[in-house]
Amino acid sequence: MVDRRRASKWVCVARVVAAHGLRGALKLRCLTERPEDVTAYGPLYDQRERPVALKVVGQTRGGVLATIDGIEDRDAAEALRGTELFVPRRALPEPGPDEFYPSDLEGLRVERTDGSRLGTVRGLENFGAGDLIEVADDAGRVLTLPFDRETVPVVDLEGGRLVVEPPPELIPPEPGAEPRP
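Residues numbered from 1 in each chain as written. Predicted model: local features only at pLDDT ≥ 70, side-chain atom pairs only at ≥ 80, totals over all residues. Heavy atoms only, no water.

Tell me about the packing of aromatic side chains, and name the residues and values.
Two descriptors summarise a pair of aromatic rings, namely the distance from one centre to the other and the angle between the planes of the rings. The full count for this structure, using the stated rule, is two aromatic pairs. Taking the centre distance of 6.0 Å and the plane angle of 80° together, the rings of Phe100 and Phe147 count as edge-to-face. Of this pair, Phe100 sits in the loop between β7 (84-88) and α2 (102-105) while Phe147 sits in the loop between β11 (142-146) and β12 (154-156), and the two are 47 residues apart along the sequence. Looking at Phe100, the relative accessible area reads 24%, which means it is partly exposed. Taking relative accessible area as the criterion, Phe147 reaches 18% and is therefore assigned buried. (Phe/Tyr/Trp six-rings, centres within 6.5 Å; stacked < 30°, edge-to-face > 60°. Helix = DSSP H or I, 4+ residues; strand = E, 2+ residues; numbered from the N terminus. Buried < 20%, exposed > 50% of the residue type's maximum accessible area, 1.4 Å probe, protein only.)

So what about the side chain of Asp46? Which residues, and what values?
Structurally, the position occupied by Asp46 is in the loop between β3 (44-45) and β4 (51-52). A polar contact is formed between the side chain of Asp46 and the backbone nitrogen of Arg48, at a distance of 2.9 Å. Polar contacts involving the side chain of Asp46 include one to the side chain of Arg50, which spans 2.7 Å. (Polar contact = N/O pair within 3.5 Å; in protein donor to acceptor, adjacent residues only side chain to side chain.)

Got a sec to walk through the nonpolar core? Specific residues and values, please.
Counting residues in hydrophobic clusters, the biggest one holds 21 residues, and the most contacted among them are Leu26, Leu28, Val38, Leu44, Leu54, Ile68 and Leu85. Within the residue set of this core, elements represented by two or more residues are β1 (10-20), β2 (25-30), β6 (63-68) and β7. The dominant element in this core, judged by the number of residues it contributes, is β1, at five residues. (Core = buried A, V, L, I, M, F, W, Y, C linked by side-chain atoms within 4.5 Å.)

Could you give an account of the layout of surface pockets, naming the residues involved and the relevant values?
Taken as a whole, the second largest pocket spans an internal volume of roughly 200 Å³. Lining the second largest pocket are Asp46, Gln47, Arg48, Arg50, Pro51, Val52, Ile68, Asp69, Ile71, Leu80, Thr83 and Leu85. (1 Å grid on protein atoms, 1.4 Å probe; cavity = no way out; pocket = protein on both sides within 12 Å on 5 of 7 lines; lining within 4 Å. Points joined across faces, edges and corners; volume = space filled by probe spheres on them.)

Quick one: what's the story with the state of the cysteines, residue by residue and with numbers?
All told, the structure shown has zero disulfides when counted by the stated rule. The cysteine Cys12 is free of any disulfide, with Cys30 supplying the nearest cysteine sulfur at 9.8 Å. Of the residues examined, Cys30 reaches a relative accessible area of 9% and is grouped as buried. (Disulfide = S-S within 2.5 Å.)

Break down the confidence of the model for the protein chain for me, citing the residues and quoting the values.
Taken residue by residue, the protein chain gives an average pLDDT of 86. The fraction at 70 or more is 90%. Summarising per-element confidence for the protein chain, the mean pLDDT is lowest in α2 (85) and highest in helix α1 (residues 74-78) (96). Every residue in residues 1-7 is under pLDDT 50, and counting partners more than four places away or in other chains gives 15 contacts. (pLDDT = per-residue confidence, 0-100. Contact = heavy atoms within 4.5 Å.)

Describe the pairing of β11, listing the residues and the values that go with them.
Burial of β11 is one-sided: the residues Leu143 and Leu145 facing one way are buried, the residues Val142, Thr144 and Pro146 facing the other way are not. For strand β10 (residues 131-137) and β11, the ladder comprises five bridges, and the chain directions are antiparallel. From the neighbouring strand, Glu134 faces β11, where its bridge partner is Thr144. The antiparallel hairpin formed by β10 and β11 contains four residues in its connecting segment, where Gly140 sits at a positive phi of about 90°. (Pairing = 2+ DSSP bridges.)

An account of the environment of Ala53 is requested, with residue identities and associated values reported.
You can see Ala53 is positioned in the loop between β4 and β5 (54-60). You can call Ala53 partly exposed: its relative accessible area is 39%. Spatially, the C-alpha atom of Ala53 lies 14 Å from that of Thr83, the residues being 30 residues apart in sequence.

Got a sec to walk through the sheet that holds β11? Specific residues and values, please.
Pairing in this open sheet of six strands is mixed, and the strands run β11-β10-β9-β8-β13-β12 from one edge to the other. Where the open sheet ends on each side, the last strands, each with one partner, are β11 and β12. Here the average twist between neighbouring strands, direction ignored, is 35°. (Axes fitted to C-alpha atoms, helices over the stretch in contact; angles between N-to-C directions.)

So what about the pairing of β2? Which residues, and what values?
Examined bridge by bridge, β1 and β2 share six bridges and lie antiparallel to one another. Following the sheet pairing, Val16 is matched in β2 by Leu28. Bridge analysis of β2 against β6 gives four bridges, and the strand direction is antiparallel. If you follow Arg29 over to β6, its bridge partner there is Gly63.

As structure tokens, then:
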């Protein structure tokens, strides 16, 4: 499996979201700036670091339709739902100043603006209404916060941390604490 601790070696560029049709086509949600560029950085690999022979055959909103060698029917395509596709980090251009790849954030320490620890970055998602950062707190709960300058004023990759100012209503109460009014 592509280990999140080795995320700097691999960058996820797409995820299989559904089967399309009866002949094994797939709908991919692409994480590249332009969905059609999903194969522009060279061969793709699955979570086990095995090469995936992918061919883009069409476009969808936010993604592409594709085929993979050896996937010939809907059942085989459906079995790939959730599969992430990666490229080696070295195949991608270096991000500019104040830019990063989502995989750069995974595993970073998350602190509040007062310096207290909140947890660790689990991932970055976008379901169409803006970027969301997932933080696994020290109690094992997952917090989903808006990933914007107001909520995340500091991204310190060199220091291995994010600084957040989460809206109070998004922070669950501590176990055993009284509910908020």
